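Topology and contacts: notes
Next come the chains, spelled out residue by residue.
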Amino acid sequence: LYFLAFLDSAHHHRPHTPSTIMSENKSGDPPLLDNSRTAFHSSLGLKDAYDLILSVGEENGTSPGCIHPDELARLLKWSAEKEIQLRAYDGFEPSGRMHIAQGLLRTINVNKLTRSGVKFIFYVADWFAQLNNKMGGDLDKIREVGKYFVEVWRASGMDLEKVEFVWSSDEINRRSSEYWPTVLDLARKNSVARIKRCGQIMGRQEAKDGKQSRHNELLRSIFNSRDEDKNCSEEEFLTKYAFDKENEKNTADNMPVAQLLYPLMQCTDIFFLNARITQLGMDQLKVNVLAREYCDSFPKKDRKNRERFRKPIIISHHMLMGLVEGQEKMSKSNPNSAIFMEDSADDVRRKIQKAFCRPGDITTNPILDYVKHIVFPCLQERSENGSIAFLVERSDENGGDVTFRAFKELESAFEDKSLHPKDLKPAVSRELNHLLEPVRVHFASGEPKALLKRIKAFKVT
């Protein structure tokens with residue numbers, strides 16, 4: 001319906017051309033950056049700003065944390081020369097309570113970018129959450145959760161001076177004639193197979209281990225309100241209309257159309273928000289690459305569109321592990337596998353105590369993951385001179401108290417088993433509780449408390 005509503009307007013509006021466009025640099029070599037010039041809207045020199053932005057990305061052995069860092073260097077230099085502030089963005093679906101990967105890790109990364117002079121756009125993707133059937137597709141509930149997310153970030157230490165929150169439904173409706181023509185053009189230029197490869201960005205997996213799929217849940221609701229087949233049992237109804245369970249996961253016909261529309265819209269958002277840097281998780285890499293491919297679809301003689309659609313610089317951050325063995329990404333579906341931003345101190349201690357943490361294992365260890373990506377960066381940020389002192393309290397018979405000043409030092413001690421999980425876990429719980437306490441206080445009274453109560457009552461889908 002949105003397509004049909006805005007198709008006609010697409011013929012009567014010229015595409016929006018942002019004024020903040022970087023002139024194309026024909027040289028393939030990055031400019032040499034130093035600190036003789038400061039980054040625009042930052043007290044940092046260009047080299048320090050560049051290094052700080054790169055530190056947000058994760059090098060994981062298969063994908064670089066930053067796609068084309070040479071382009072980032074040129075963009076920072078251009079921004080300083082032209083005195084034009086760069087814009088980065090991340091979109092988030094309001095989807096139940098916030099865990100520390102979305103809260104603490106996101107706060108750390110946003111603060112790094114804004115300290116480098118970048119304006120950060122948080123895209124509150126309420127329509128996207130509806131497409132993804134979050135909160136049962138109830139837009140009113142989704143918007144409530146979006147408000148809760150914003151409140152969490154306010155309380156978590158995020159510097160909001162250079163942060164802007166933009167609601168997708170409001171902004172798309174306000175500037176629809178700019179938005180939908182790009183969605184349509186992306187749809188025209190890409191095959192179904194190409195868009196399907198971006199499907200993982202929705203973060204959905206089919207139900208396993210005997211759980212009903214969303215399709216069968218829908219059938220059950222239809223059964224309860226049906227006008228036909230009133231004489232058949234629920235089992236007969238489901239059998240008659242259900243998909244082949246053996247082929248359900250691999251059959252393209254069973255994939256919701258939303259999984260094709262979603263990547264097209266997310267790709268459009270990058271240009272719609274004039275974001276020169278996309279700062280999302282590693283799981284969003286494919287759609288960000290799609291945006292770069294789209295920029296190549298315009299011939300060189302089409303200067304108008306080549307000026308308007310500039311390849312984004314992709315900074316992909318680390319995906320924090322879940323607390324359960326083998327869980328590569330923190331999940332809300334199992335409350336014991338994630339630490340939520342307003343969990344009590346006892347909840348944090350209990351979850352950390354039960355977390356997978358095999359002695360000597362430094363590769364698939366969520367406790368070390370939290371130390372590296374949350375505890376140490378936060379200790380460094382709140383230190384006056386940038387030094388780190390992470391205290392692990394131990395009994396005398398276990399070697400006595402030890403202080404680690406670098407993650408590599410702690411990692412080595414854990415690998416050679418001179419540091420045991422039973423000693424490390426209480427120290428991690430202590431630091432996480434210190435970081436979460438301001439959020440607990442914020443949600444302990446007033447409207448934030450009432451908001452959290454409503455959110456906890458929602459069924460997460």
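Just so it is clear, the model here is predicted, and its values are computed rather than measured. (Residues numbered from 1 in each chain as written. Predicted model: local features only at pLDDT ≥ 70, side-chain atom pairs only at ≥ 80, totals over all residues. Heavy atoms only, no water.)

Moving on, we come to the overall build of the protein. When helices and strands are counted, the protein shows 19 helices and eight strands. Looking at the 461 residues of the protein, the share that counts as buried comes to 51%. By sequence separation, contacts in the protein at least 24 residues apart represent 73% of the contacts at least 6 residues apart. When the accessible surface of the protein is totalled, it reaches about 23,100 Å², and 48% of it is carbon and sulfur. (Helix = DSSP H or I, 4+ residues; strand = E, 2+ residues; numbered from the N terminus. Buried < 20%, exposed > 50% of the residue type's maximum accessible area, 1.4 Å probe, protein only. Contact = heavy atoms within 4.5 Å. Areas by Shrake-Rupley, 256 points an atom, 1.4 Å probe, with all protein chains shown as cover.)

Of all five residues that make up strand β5 (residues 277-281), five are buried, and the element is covered over most of its length. Taken together, the two bridges between strand β2 (residues 87-92) and β5 define a ladder with parallel strand orientation. Opposite Y89, over in β5, you have T278 as the bridge partner. (Pairing = 2+ DSSP bridges.)

What follows is about the state of the cysteines. Disulfide: a covalent bond formed between the sulfur atoms of two cysteine residues. Per the counting criterion, the structure on display carries zero disulfides. Free of any disulfide, C267 has its nearest cysteine sulfur in C295, 7.8 Å distant. (Disulfide = S-S within 2.5 Å.)

Scanning all chains against the criterion turns up 33 salt bridges. One salt bridge connects R175 with E178, and the closest N-O pair in it is separated by 2.8 Å. We classify R175 as buried; its relative accessible area is 16%. One continuous salt-bridge network, built from bridges that share partners, spans R97, E342, D343 and K351. (Salt bridge = Lys/Arg side-chain N within 4 Å of Asp/Glu carboxyl O.)

The share of residues in the protein with pLDDT of 70 or more is 80%, and the mean pLDDT across the chain is 85. Here residues 205-223 is a poorly scored stretch, pLDDT under 50, and it has 31 contacts once near neighbours within four places are set aside; other chains count. For the stretch residues 243-250, pLDDT sits under 50, and the model shows ten contacts to residues farther than four places along the chain or on other chains. (pLDDT = per-residue confidence, 0-100.)

This next bit is on the environment of T278. Checked against the element boundaries, T278 lands in strand β5. Between the C-alpha atoms of T278 and I315, which are 37 residues apart in sequence, the distance is 6.0 Å.

Let us look at helix α18 (residues 421-442). Between its first and last C-alpha, α18 extends 32 Å over 22 residues, near the 32 Å set by a 1.5 Å rise per residue. Of all the bends found along α18, the most pronounced is centred on L436 and spans about 40°, while P438, a proline, follows it within four residues. (Expected span 1.5 Å × (residues − 1). Bend = angle between axes of the 7 residues up to and from the residue.)

Here we come to the nonpolar core. Among the nonpolar cores identified, the biggest contains 86 residues, and I100, Y148, F390, L410, L424 and L432 are the most heavily contacted of them. For this core, the element with the highest residue contribution is helix α16 (residues 366-382), accounting for nine residues. Three or more residues apiece are contributed to this core by two domains, here domain 1 (46-204 + 255-317) and domain 2 (345-457). The contacts of Y148, once residues within four sequence positions are left out, are G96, R97, M98, E342, F443, L451, L452 and I455. Counting residues in each nonpolar core, the second largest holds 31 residues, with Y89, Y123, A275 and A291 among its members. (Core = buried A, V, L, I, M, F, W, Y, C linked by side-chain atoms within 4.5 Å. Domains from an automatic or database assignment.)

This paragraph deals with the packing of helix α8 (residues 176-189) against helix α12 (residues 258-272). How two helices sit against one another is set out by the angle between their axes and by the gap between those axes. Put simply, α8 and α12 touch, their axes get as near as 9 Å, and they point 125° apart. Judged by the inter-axis angle, α8 sits oblique to α12. Our pair here, α8 against α12, has a crossing hand that is right-handed. Of the residues in α12, those in contact with E178, Y179, W180, T182, V183, L186 and A187 of α8 are L261, L264, M265, C267, T268, D269 and F272. Across the contact of α8 with α12, the residue classes break down as ten nonpolar, two polar and two charged. (Axes fitted to C-alpha atoms, helices over the stretch in contact; angles between N-to-C directions. Parallel < 35°, antiparallel > 145°, perpendicular 65-115°, else oblique. Left-handed = near helix turned anticlockwise from the far one by under 90°. Nonpolar A, V, L, I, M, F, W, Y, C, P; charged D, E, K, R; others polar.)

Right, let's talk about a negative patch on the surface for a bit. On the surface, a cluster of negative charge is contributed by E393, D396, E397 and D401. One can find E393 in the loop between β7 (390-392) and β8 (402-404). (Patch = residues over 30% accessible without salt bridge, like charges linked within 9 Å, V, L, I, M, F, W, Y side chains within 5 Å. Lys, Arg positive; Asp, Glu negative; His and termini not counted. Charge placed at Lys NZ, Arg CZ, Asp CG, Glu CD.)

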